[in-house]
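Remarks on the overall topology
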Amino acid sequence: MAHFYWEGSDKNGSEHQGAAESQNLVEAKERLQQEGFYRIRFWKIHQSSLNKVLGNTEVTEFLLQLHRLLKSGVELDDALSFAIHEQKDRLLCFLLCQARQDLRSGLSLSAALKRHQAFPLILGKMIEVAESSGRLAEVLGMLLEFYQFQEIIIQEQKRLLNYPLVIFSIVIVLSLGTVVFIVPMFVRMYSGLGDELFWLTRLLVDFSDSLRINPAKWVLGTLLFAAVIYVFYRTVGGYWLLNLIPGGKHVQEKIRLLFYSRSMEIMLSTGVHLQEVLVLAEEIFPGILRRRISQVRKAVDSGKQLHEAYSMVPFFSPMFVKLVALGESSGHLSSSFARIGMQNQESLKKIMGWVNTLIEPVLLIFIAVGVLGFLLSMYIPLFRMAEQF
């Protein structure tokens with residue numbers, strides 16, 4: 001069964017959007033024409049896209065539109081229709097059209113969102129609680145604030161990576177240009193030295209000859225390497241590059257802990273049950289770390305208090321455990337997680353500032369070592385030649 005998002009007009013000229021499922025495009029078009037739609041445009045939605053969770057940007061945009069409309073008193077069906085009309089991402093348009101169809105068939109918004117793997121689990125659960133308490137607009141506002149905060153942190157991570165990646169790319173291009181065009185000029189001068197050529201110079205000359213004689217193999221190897229990196233990036237994500245930056249791993253740990261504490265705060269404050277909160281909050285962590293964090297949920301299920309469960313996992317600091325214990329004893333657990341979140345946010349700002357100041361000198365050292373190696377490889381043979389005369 002193929003999935004399509006379509007836009008068209010009825011006989012009165014009114015614009016319509018919708019989601020269609022059929023064996024092929026021709027069948028989908030015929031069915032819509034029988035229903036009275038004309039000038040129809042289709043976009044095919046691949047099943048692989050429907051099986052992946054929406055990115056932070058798409059969820060933030062959806063929540064922003066829905067929250068503003070519901071807060072101003074617009075009915076939910078009309079709010080979804082307006083969000084679809086204003087949306088540019090065809091995958092999200094398709095999902096919202098299906099959610100609107102489910103609403104019209106009698107399902108709640110939370111049930112409609114839960115039917116699709118693309119929507120985060122935390123979204124469906126918190127909206128379900130909001131619908132039962134009549135606080136849909138308020139809870140959507142809290143979710144929006146949470147995802148906007150995540151988006152800000154994600155952009156900070158990207159900015160942290162941009163500078164070293166740009167510098168590294170420039171260095172690679174200049175180095176290749178030097179090896180291909182400048183090194184061959186020195187080769188003729190070194191021909192008299194034979195086996196006495198400095199080892200670094202010999203390595204550089206061999207590399208230069210290989211690039212010029214077999215460019216096709218190097219291009220093919222580069223393309224294969226780029227393909228492997230792309231697949232790894234799509235599978236794991238690009239933030240593993242942060243581990244290559246001094247302090248990057250510590251930054252990622254702080255970010256995950258910050259997202260975890262903020263998600264615990266908003267879910268507990270809206271009335272989601274603790275066991276369900278723990279399950280949903282685990283989704284913030286990657287696979288290996290998620291299995292370690294799951295020990296907290298299992299310990300709580302076995303009857304331990306929450307702070308005791310957290311103390312069993314080394315990832316959580318003693319201060320984290322202490323604040324959770326204070327929240328449990330006072331009955332204000334969500335406030336404790338809010339306090340933890342604020343502390344982590346301040347700590348993250350300091351760490352990211354420290355990493356930013358450290359990146360530039362590390363890059364300068366790296367470039368200086370590369371330039372020194374090139375100069376040694378080029379000029380040591382010249383000095384040896386001068387000694388022979």
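Let me begin by describing the structure that accompanies this report. (Residues numbered from 1 in each chain as written. Predicted model: local features only at pLDDT ≥ 70, side-chain atom pairs only at ≥ 80, totals over all residues. Heavy atoms only, no water.)

1. Some remarks on the overall build of the protein
In plain terms, the rule: By definition, any uninterrupted DSSP run of H or I lasting at least four residues is a helix, any uninterrupted run of E lasting at least two residues is a strand, and each is numbered from the N terminus. As a reference, a globule follows 2.2 Å times the number of residues to the power 0.38, and the radius of gyration itself is taken over C-alpha atoms. Using a 1.4 Å probe on the protein chains alone, a residue whose accessible area is under 20% of its type maximum counts as buried, one over 50% counts as exposed, and one in between counts as partly exposed.
Within the protein, the regular secondary structure consists of 16 helices and three strands. Scaling as 2.2 N^0.38, a compact globule of 389 residues should have a C-alpha radius of gyration of about 21 Å, whereas the protein reaches 29 Å, well beyond that. A principal-axis box enclosing the C-alpha atoms of the protein has dimensions of 95 × 65 × 35 Å. Every one of the 389 residues in the protein was classed for burial, and the buried ones make up 42%.

2. Side note on helix 4 (residues 76-86)
Structural remark: α-helix, 3.6 residues per turn; residues separated by three or four positions point the same way. Keep this limit in mind: The contact criterion used throughout is that any non-hydrogen atoms of two residues lie within 4.5 Å.
Turning to helix 4, its buried residues number three or more, namely Leu76, Ala79, Leu80, Ser81, Ala83 and Ile84. The inward-facing, buried residues of helix 4 contact strand 1 (2-9), strand 2 (15-22), helix 3 (56-71), helix 5 (90-104) and helix 6 (109-114).

3. Some details on the pattern of salt bridges
For clarity, the threshold we go by: Here, a salt bridge means any Lys or Arg side-chain nitrogen found within 4 Å of an Asp or Glu carboxyl oxygen.
Tallied over the full model, the rule gives 15 salt bridges. Salt-bridge contacts for glutamate 7 lead to arginine 90; the nearest nitrogen and oxygen are separated by 3.0 Å. Linking glutamate 7 in strand 1 with arginine 90 in helix 5, this pair joins segments that are 83 residues apart in sequence. Two residues, glutamate 156 and arginine 159, come together in a salt bridge whose shortest N-O distance is 2.7 Å. Remark: arginine 159 and glutamate 156 occur in helix 8 (residues 136-190); sequence separation between them is three residues, near one turn of the helix. Residue class for arginine 159 comes out partly exposed when judged on its relative accessible area of 47%. It is possible to trace a salt-bridge network through shared partners that takes in Lys114, Lys125, Glu128 and Glu276.

4. A short note on the sheet that holds strand 3 (residues 38-45)
The strands making up a sheet associate through backbone hydrogen bonding, with each pair oriented either parallel or antiparallel. We apply this condition: Only strands joined by at least two bridges in the DSSP assignment are considered to pair. Interaxial angles span 0 to 180 degrees and are taken between N-to-C directions of axes, which are lines fitted to C-alpha atoms, for helices over the stretch in contact.
Strand order in this open sheet of three strands is 2-1-3, and the pairing throughout is antiparallel. With partners counted over all chains shown, the strands left at the sheet margins are strand 2 and strand 3, one partner each. For this sheet, the mean angle separating the axes of adjacent strands, direction not counted, is 25°. Where strand 1 lies against strand 3, six bridges are found, and the strand directions are antiparallel. Paired with tryptophan 6 across the two strands is phenylalanine 42, which belongs to strand 3. In the packing of helix 1 (residues 25-34) onto the sheet, the strands contacted are strand 1, strand 2 and strand 3, and the crossing angle to strand 3 comes to about 145°.

5. Some thoughts on the pairing of strand 2
Judged from the eight bridges that link them, strand 1 and strand 2 form a sheet pairing that is antiparallel. Across the sheet, the residue bridging to histidine 3 is glutamate 21, located in strand 2.

6. Observations regarding the packing of helix 3 against helix 4
The test is simple: Orientation categories follow fixed angle ranges, with anything under 35 degrees roughly parallel, anything over 145 roughly antiparallel, 65 to 115 roughly perpendicular, and all other angles oblique. With the far helix as reference, a near helix turned anticlockwise by less than a right angle produces a left-handed crossing, and one turned clockwise produces a right-handed crossing.
Their axes nearest at 9 Å, the elements helix 3 and helix 4 cross at an angle of 140°. With respect to their mutual orientation, helix 3 and helix 4 come out oblique. In this structure, the crossing between helix 3 and helix 4 has a hand that is right-handed. Together, Phe62, Gln65, Leu66, Leu69 and Leu70 of helix 3 and Leu76, Ala79, Leu80, Phe82, Ala83 and Glu86 of helix 4 make up the contact between the two elements.

7. A short note on the nonpolar core
One broad trend across soluble globular proteins is that nonpolar side chains are buried collectively. Condition: In this description, a nonpolar core means a group of buried Ala, Val, Leu, Ile, Met, Phe, Trp, Tyr and Cys residues linked to one another through side-chain atoms lying within 4.5 Å.
If you look at the biggest cluster of nonpolar residues, it comprises 72 residues, and the most contacted ones within it are Leu123, Tyr260, Tyr310, Phe316 and Phe337. Discounting residues that sit within four places of it in the chain, phenylalanine 316 has contacts with Leu257, Tyr260, Ile293, Val296 and Tyr310. Judged by nonpolar contacts, the second largest core, of 13 residues, contains Phe149, Leu258, Phe259 and Val355.

8. Examining the side chain of glutamate 282
Inspection of the secondary structure puts glutamate 282 in helix 12 (residues 274-282). The contacts of glutamate 282, once residues within four sequence positions are left out, are Arg290, Ile293, Ser294 and Arg297.

9. A closer look at a nonpolar patch on the surface
Under the convention used in this document: Within the patch definition used here, like charges are joined within 9 Å and nonpolar side chains (Val, Leu, Ile, Met, Phe, Trp, Tyr) within 5 Å, considering only residues with over 30% relative accessible area and no salt bridge. The protein chains shown are the only cover counted for residues, whose accessible areas, like all others here, come from Shrake-Rupley with a 1.4 Å probe.
Side chains of Phe168, Ile172, Leu176 and Phe366 sit close together on the surface and give an oily, nonpolar patch of about 370 Å² of accessible area. The element best represented in the nonpolar patch is helix 8, accounting for three residues. Within the fold, phenylalanine 168 resides in helix 8.

10. Overview of the packing of aromatic side chains
Here is the rule we go by: Side-chain rings of Phe, Tyr and Trp, where Trp is taken by its six-membered ring, are said to pair if the distance between their centres is within 6.5 Å; with planes under 30 degrees apart they count as stacked, over 60 as edge-to-face, and otherwise as tilted.
Under the definition given, this model contains 16 aromatic pairs. Taken together, a centroid distance of 5.4 Å and an interplanar angle of 75° make the contact between phenylalanine 146 and tyrosine 147 edge-to-face. The exposure classification of phenylalanine 146 matches that of tyrosine 147, with both residues buried. Aromatic side chains tyrosine 310 and phenylalanine 320 sit 5.0 Å apart centroid to centroid with 80° between the ring planes, which places their arrangement in the edge-to-face category.

11. Observations concerning helix 16 (residues 333-387)
Here is the rule we go by: One fewer than the residue count of a helix, multiplied by 1.5 Å, yields its expected span. The bend at a residue is defined as the angle formed between two axes, one fitted to the seven residues ending at that residue and one fitted to the seven starting there.
Look at helix 16: 78 Å from first C-alpha to last across 55 residues, which is about the 81 Å you get at 1.5 Å a residue. At tyrosine 379, helix 16 shows its maximal bend, which comes to roughly 25°, and the proline proline 381 appears one to four places after that position.

12. Notes on the environment of glutamate 282
Worth spelling out the cut-off: Polar contact is defined as a pair of N or O atoms within 3.5 Å, subject to the rule that within protein one atom must be able to donate a hydrogen and the other to accept it, and that residues adjacent in sequence are counted only when both atoms are side-chain atoms.
With a relative accessible area of 6%, glutamate 282 lands in the buried category. In this structure the C-alpha to C-alpha distance between glutamate 282 and glutamine 295, which are 13 residues apart in sequence, comes to 10 Å. For glutamate 282, the side chain forms a polar contact with the side chain of arginine 297, separated by 2.8 Å.

13. Regarding the packing of helix 8 against helix 16
Let me state the cut-off plainly: Three classes are used, and their members are as follows: Ala, Val, Leu, Ile, Met, Phe, Trp, Tyr, Cys and Pro are nonpolar, Asp, Glu, Lys and Arg are charged, and the others, Gly among them, are polar.
For the pair helix 8 and helix 16, the least separation of the axes is 12 Å and the interaxial angle reads 0°. Judged on the interaxial angle alone, helix 16 and helix 8 are roughly parallel. In the contact of helix 8 with helix 16, the residues fall into 24 nonpolar, five polar and two charged.

14. So, the state of the cysteines
What counts, and what does not: For the purposes of this analysis, a disulfide is any pair of cysteine sulfur atoms at a distance within 2.5 Å.
Summed over the entire model, instances satisfying the criterion amount to zero disulfides. Cysteine cysteine 93 is unpaired, with the sulfur of cysteine 97 as its nearest cysteine sulfur at 6.5 Å. For cysteine 97, a relative accessible area of 0% translates into the label buried.

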